[in-house]
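# A closer look at the structure
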Amino acid sequence: MRFMPLKVEIDPSSGFCNGVVRAVGKAEDYLSSHSRLYSLGAIVHNSSELGRLKRKGLEIIDMDDFRSLHDDTVLIRAHGEPPSTYRTAEANGIRIIDCTCPVVLALQRKVREVCLRMEAEGGQVVIFGKRGHAEVNGLVGQTEGKAIVVGSPEEIEKIDFSRPVALFSQTTKDPEEYALLVREVRSRREDAEVYDTICRQVASRHKSLVSFAASHDVIVFVSGSESSNGKVLFDLCRSVNPRSIMVEEASGLRPGMFRDGDSVGVCGATSTPQWQLEAVADSITAISLFLVEC
Ligand code: SF4
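Residues numbered from 1 in each chain as written. Predicted model: local features only at pLDDT ≥ 70, side-chain atom pairs only at ≥ 80, totals over all residues.

As defined by bridge partners, strand 2 (residues 37-40) adjoins strand 3 (residues 58-61) across four bridges and the pair is classed as parallel. Within strand 3, the position partnered with Tyr38 by the bridge is Glu59. With three bridges joining them, strand 2 and strand 4 (residues 73-76) adopt parallel strand pairing. Among the inter-strand pairings, Leu40 is bridged to a residue of strand 4, identified as Ile76. (Pairing = 2+ DSSP bridges. Helix = DSSP H or I, 4+ residues; strand = E, 2+ residues; numbered from the N terminus.)

Shown next as structure tokens:
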């Protein structure tokens, strides 16, 4: 029996978020007239995109490298950095190309302001986020290390409910998980201050991704394994479509992943470039042609 061709669609709401578009654009602008630019941490959690930028002269450095630089130029990525990074830059004469996403910057300011008030009131700032994640480190830095980081609603016991609580979320966390944490916190401390700090782009992507994943037979989710947003969005796809597959790039695809006439949805994280979604969709079309001809 002849194999029916696959139908392939790219999710129109996938691709880089505004913060990543801006950071990558600034890096490329700079590299159009310079041979090298340092980025403090990976500008985007996607190895193919990092490879493309590396060929243009972008070099990823860590904090130890950063501290040893003098009179150089360094890009700060969309996740942002704690105040200590800017102090090091000033002391070492490092010029910063600051690509902190405006949404993250506004959140950092709010965390700083609320932390000062909480201190005066004997309260505490709680951040719902992934411990060690760059954005979370940047937020904790606004509180001089005093904020409590809670990675999941199960870690609620870290909070001292005898004292006032102000709760924030990392911008890329799952809105439903945050809502669950908020309910738990409010059940223990009714007057807890809760700030709605999940990025609007991320929150609306959650909603549209659910209907996209449910309307296809198979979902191919394209993301770097380091992307925390990628993990959250892939889990979301899998919760509505058990035939969801995560690949880092087109080479991760296999003919056995598809069945006769499947409709295949291709989507990705906020760190997945459009060109990579297109490359994966093209490879699925090539697999379809191969299977039809076999
Ligand atoms: S996910 Fe939202 S807050 Fe985070 S970098 Fe992208 S646009 Fe900015």
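What follows concerns the nonpolar core. Core analysis: the largest hydrophobic core is formed by 49 residues, its most contacted members being Ala27, Ile43, Leu75, Val125, Val126, Ile127 and Ala147. Looking at this core element by element, the count peaks at seven residues for helix 5 (residues 102-121). No fewer than three residues from each of domain 2 (18-100) and domain 3 (103-198) sit in this core. Beyond its immediate stretch of four places on either side in the chain, Ala147 contacts Cys115, Val125, Val126, Ile127, Leu139 and Val140. Of all hydrophobic cores here, the second largest spans 24 residues; its members include Phe212, Val218, Ile219 and Phe221. (Core = buried A, V, L, I, M, F, W, Y, C linked by C-beta atoms within 7 Å. Buried ≥ 20, exposed ≤ 12 C-beta atoms within 10 Å, placed from the backbone. Domains from an automatic or database assignment. Contact = placed C-beta atoms within 7 Å.)

Surveying the vicinity of the ligand reveals 14 residues, the closest of which are Cys17, Gly19, Cys101, Val103 and Cys199. Contributing elements (two or more residues each) for the shell around the ligand: helix 1 (18-31), helix 5 and helix 8 (200-214). With three residues, the top contributor of residues to the shell around the ligand is helix 1. Its residues assigned to classes, the shell around the ligand shows eight nonpolar, six polar and no charged. (Near = placed C-beta within 6 Å. Nonpolar A, V, L, I, M, F, W, Y, C, P; charged D, E, K, R; others polar.)

This part takes up the environment of Asp64. Tracing the backbone through its elements, the reader meets Asp64 in helix 3 (residues 63-68). Along the chain, Asp64 and Val182 lie 118 residues apart, while their C-alpha atoms are 37 Å from each other.

With that settled, the discussion passes to helix 7 (residues 175-188). For helix 7, which comprises 14 residues, the first-to-last C-alpha distance of 20 Å matches the rise-based estimate of 20 Å (1.5 Å per residue) to within 8%. Within the sequence span of helix 7, burial applies to Tyr178, Leu181 and Val185. Viewed end-on, helix 7 has its buried residues packed into an arc of 60°, placing them on one side of the element. Helix 7 presents Glu176, Arg183 and Ser187 as exposed residues on the side facing more than 90 degrees away from its buried surface. On its buried face, helix 7 is in contact with strand 6 (124-128), strand 7 (148-150) and strand 8 (165-169). (Expected span 1.5 Å × (residues − 1). Arc of directions from axis to C-beta.)

On to the sheet that holds strand 2. Strand order in the open sheet formed by four strands is 3-2-4-5, and the pairing between neighbours is parallel. The open sheet has two edge strands, strand 3 and strand 5 (95-98), and neither has a second partner. Adjacent strand axes in the sheet meet at a mean angle of 35° when their direction is disregarded. Where strand 4 lies against strand 5, four bridges are found, and the strand directions are parallel. Among the inter-strand pairings, Leu75 is bridged to a residue of strand 5, identified as Ile97. Along the sheet, helix 1 makes contact with strand 2, strand 3, strand 4 and strand 5, crossing strand 2 at roughly 160°. (Axes fitted to C-alpha atoms, helices over the stretch in contact; angles between N-to-C directions.)

A separate point is the domain arrangement of the chain. Size of an interface, as often reported, equals the accessible area lost when the parts are brought together. Split by domain assignment, the chain resolves into domain 1 (7-15 + 201-293), domain 2 (18-100) and domain 3 (103-198). One C-alpha centre belongs to domain 1, the other to domain 3; they are set 32 Å apart. Of the residues lining the interface, seven residues belong to domain 1; the matching set on domain 3 comes to seven residues. Taken together, the elements giving at least two residues each to the side of domain 1 that touches domain 3 come down to helix 8 and helix 9 (228-240). Among the residues making up the side of domain 1 that touches domain 3, the classes are represented as three nonpolar, four polar and no charged.

Take the pairing of strand 8 next. The element strand 8 is largely enclosed, with a buried count of five among its five residues. On strand 8, burial covers both faces: Val165, Leu167 and Ser169 on one face and Ala166 and Phe168 on the other are all buried. Pairing geometry for strand 6 and strand 8, over five bridges, is parallel. Bridging across to strand 8, Gln124 finds its partner in Val165. Looking at chain direction, strand 8 and strand 9 (residues 193-194) are connected through two bridges and run parallel. If you follow Leu167 over to strand 9, its bridge partner there is Val194. Each parallel crossover has a hand, and for strand 8 linked through helix 7 to strand 9 it is right-handed. (Right-handed = clockwise from strand over helix to strand, strands pointing away.)

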